[in-house]
Amino acid sequence: MTGETFGRTADGETVTRFTLVRGPLRVQVLDYGGIVTAIETPDRGGRVGSVVLGLDTVAGYETKSPHFGGLIGRFANRIAKGRFTVDGHAYALPINEPPNAMHGGPRGFDRRMWRVESVDDAHLTLARRSPDGEEGFPGNLDVAVTYGLPEDGTLRIDYRAHTDRPTVLNLTNHGYFNLAGEGAGDVMGHVVTIPADAVLETDATQVPTGTLRPVAGTAFDFRTGMALGRRIRDGDPQLAFAKGYDHCFVLRDADGRLRPAATCIEPGSGRRLDVATTLPGLQLYTGNNLDGTLIGPSGRIYRSGDAVCFETQAFPDAPNHPGFPPAVLRPGERFASATTYRFSLA
């Protein structure tokens, strides 16, 4: 493991970038936001390159980043109108994606410094206490996240948490993948498979309506593999609301075991990504809001459709839907989840 200074925050805190290496896989992580800034892996020609989008400076991640590679919490995705109730107590959160709360608020977990709890050549554990009332959420929440390379080609992220008051929790990593390489252009040719028979229907603000919509016969049927661009322009209001894919797929067999969540193959480079998770949902997002204003480490501009995100998580707005898998953590309970990203050649 190597650690090097990446820069300083606006508050003057030193940000360190850690590099984890095992076999052909090289992963870089910041102690600011738990941000994965690079995942380097070879293509079929042996050429090594990063397959995630990112930025060059701490300031960029503080002020401009659309959560590139970030550790998202306390509650990933949307909470309708920033309001929820736990045990009869109502809570109001800052509205940072009107009219909803998004990704833990204006200063969610990916915009906070984390403490290095342990580190070696192939593992990094970051931890922090999110104090009672931070971004409107109740309870002191202690979180630890381990980034590990357990075998050649595999990045595993383990999340653990406990609280002293009932609270809501939804943790994920927001990697923006382009298996052709960072800055290589759009991902519409990436072939994606998702083992899900239903997707959560949303309203016009992209909050779930509560309806689980069958994917059969729709642009959301990725069960046998489909290029992202094949049906992204279908005249489905769901796609129009999001300007592309930005939807939570209901994964099969959500019993807490690590199981397949997605496969992605980029035909040109030959790179393949297999995602597995213990969580019930997978948010598929095609970088619809990248608007050409950000420039990556490659010196290339990022535009809409230049990345695909596979955000393993609880269902969006789960606190407001009793029928969804619960996303409440109580004192005495220990939250634990895991997601793996395995890189290989197709």
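Residues numbered from 1 in each chain as written. Predicted model: local features only at pLDDT ≥ 70, side-chain atom pairs only at ≥ 80, totals over all residues. Heavy atoms only, no water.

Peer 1: In this structure, what is going on with the overall build of the chain? I would like to understand it.
Peer 2: On a plain count of helices and strands, the chain comes out with two helices and 29 strands. Relative to the compact-globule value of 20 Å for 346 residues, the chain shows a C-alpha radius of gyration of 19 Å, a close match. Oriented by its inertia axes, the alpha-carbon framework of the chain measures out at about 60 × 50 × 40 Å. The burial tally for the chain puts 58% of its 346 residues in the buried class. Within the structure as shown, the chain displays about 13400 Å² of accessible surface, and the carbon and sulfur contribution to it stands at 49%. Both charge centroids of the chain, one from 36 positive and one from 40 negative side chains, sit 2 Å from each other. (Helix = DSSP H or I, 4+ residues; strand = E, 2+ residues; numbered from the N terminus. Rg over C-alpha atoms; globule rule 2.2 N^0.38 Å. Buried < 20%, exposed > 50% of the residue type's maximum accessible area, 1.4 Å probe, protein only. Areas by Shrake-Rupley, 256 points an atom, 1.4 Å probe, with all protein chains shown as cover. Lys, Arg positive; Asp, Glu negative; His and termini not counted. Charge placed at Lys NZ, Arg CZ, Asp CG, Glu CD.)

Peer 1: Just checking my understanding: could you explain the nonpolar core for this structure?
Peer 2: One broad rule of soluble globular proteins: the nonpolar side chains tend to lie buried together. Core analysis: the largest hydrophobic core is formed by 56 residues, its most contacted members being I39, Y147, I194 and F310. Considering every element that reaches this core, the biggest residue donor is strand β13 (residues 141-151), with five residues. Among residues more than four places away in sequence, those in contact with F310 are G175, F177, V192, A262, C264, L273, V275, L282, Q283, L284 and Y341. (Core = buried A, V, L, I, M, F, W, Y, C linked by side-chain atoms within 4.5 Å. Contact = heavy atoms within 4.5 Å.)

Peer 1: Just to check I follow, could you spell out the sheet that holds β13 for this structure?
Peer 2: In a beta sheet, neighbouring strands are held together by backbone hydrogen bonds and run either parallel or antiparallel to one another. Spatial strand order, β11-β12-β13-β14-β29-β23-β22-β17-β20: nine strands in an open sheet with antiparallel pairing. Of all the strands in the sheet, just β11 (115-120) and β20 (226-227) have a single pairing partner and so form its edges. Here strand β17 (residues 191-193) runs beside strand β22 (residues 259-265); their pairing, made up of three bridges, is antiparallel. For V191, the partnering residue across the bridge sits in β22 and is I265. (Pairing = 2+ DSSP bridges.)

Peer 1: Can you walk me through the sheet that holds strand β5 (residues 48-50) in this structure?
Peer 2: Taken together, the five strands give an open sheet; going across it, the order is β1-β2-β3-β4-β5, and neighbouring strands pair in antiparallel fashion. Either end of the sheet is taken by a strand with one partner, and the two such strands are β1 (2-8) and β5. Recorded for the sheet is a direction-independent mean angle of 20 degrees between the axes of neighbouring strands. Pairing analysis gives four bridges linking strand β3 (residues 25-30) to strand β4 (residues 36-42), with the strands arranged antiparallel. Across the sheet, V29 pairs through a bridge with V36, a residue of β4. (Axes fitted to C-alpha atoms, helices over the stretch in contact; angles between N-to-C directions.)

Peer 1: Sorry, what's going on with the pattern of salt bridges here?
Peer 2: A side chain of one charge can pair with a side chain of the opposite charge if their charged atoms are brought near each other. Per the stated rule, a full pass over the model turns up 23 salt bridges. With a shortest N-O distance of 2.8 Å, R78 and E97 are connected by a salt bridge. In this pair, R78 is assigned in strand β7 (residues 78-79) and E97 in the loop between β9 (89-92) and β10 (101-102), connecting sequence segments 19 residues apart. In this structure E97 comes out as partly exposed when scored by relative accessible area, which is 23%. Between D197 and R252 there is a salt bridge; the shortest N-O distance is 3.0 Å. (Salt bridge = Lys/Arg side-chain N within 4 Å of Asp/Glu carboxyl O.)

Peer 1: Is there a simple way to explain the packing of aromatic side chains in this structure?
Peer 2: The geometry of an aromatic ring pair comes down to the distance between the two centres and the angle between the two planes. If you walk through the whole model with that rule in mind, you get 15 aromatic pairs. Ring geometry for Y176 against Y285: centres 6.1 Å apart, planes inclined by 85 degrees, an arrangement best described as edge-to-face. Residue Y176 is located in the loop between β16 (172-174) and β17, and its partner Y285 is located in strand β24 (residues 281-285); the two are separated by 109 residues in the primary sequence. Between F220 and Y245 the ring centres are 5.5 Å apart and the planes differ by 85 degrees, which places this aromatic pair in the edge-to-face class. Of this pair, F220 sits in the loop between β19 (208-214) and β20 while Y245 sits in the loop between α2 (237-242) and β21 (246-251); the two residues are 25 residues apart in sequence, bridging distant segments of the chain. Just as F220 is buried, Y245 falls in that class too. (Phe/Tyr/Trp six-rings, centres within 6.5 Å; stacked < 30°, edge-to-face > 60°.)

Peer 1: Which parts of the structure should I look at to understand the layout of surface pockets?
Peer 2: What the largest pocket holds in volume is close to 430 Å³. Taken together, the elements giving at least two residues each to the lining of the largest pocket come down to β24 and β25 (291-295). For the lining of the largest pocket, the element with the most residues is β25, which contributes four residues. In this model, the second largest pocket occupies a volume close to 340 Å³. As for the second largest pocket, its lining consists of 18 residues, of which L279, P280, P326, A327 and F335 are closest to the centre. Of all the elements in the fold, those that place two or more residues in the lining of the second largest pocket are β28 (328-329) and β29 (335-345). At three residues, β29 tops the list of elements feeding residues into the lining of the second largest pocket. A breakdown of the residues in the lining of the second largest pocket according to their chemical character gives 13 nonpolar, three polar and two charged. (1 Å grid on protein atoms, 1.4 Å probe; cavity = no way out; pocket = protein on both sides within 12 Å on 5 of 7 lines; lining within 4 Å. Points joined across faces, edges and corners; volume = space filled by probe spheres on them. Nonpolar A, V, L, I, M, F, W, Y, C, P; charged D, E, K, R; others polar.)

Peer 1: Looking at this structure, how should I read the side chain of S269?
Peer 2: Its place among the elements puts S269 in the loop between β22 and β23 (271-277). The class for S269 is buried, based on a relative accessible area of 7%. Looking at S269, its side chain comes within polar contact range of the main-chain oxygen of L179, at 3.1 Å. (Polar contact = N/O pair within 3.5 Å; in protein donor to acceptor, adjacent residues only side chain to side chain.)

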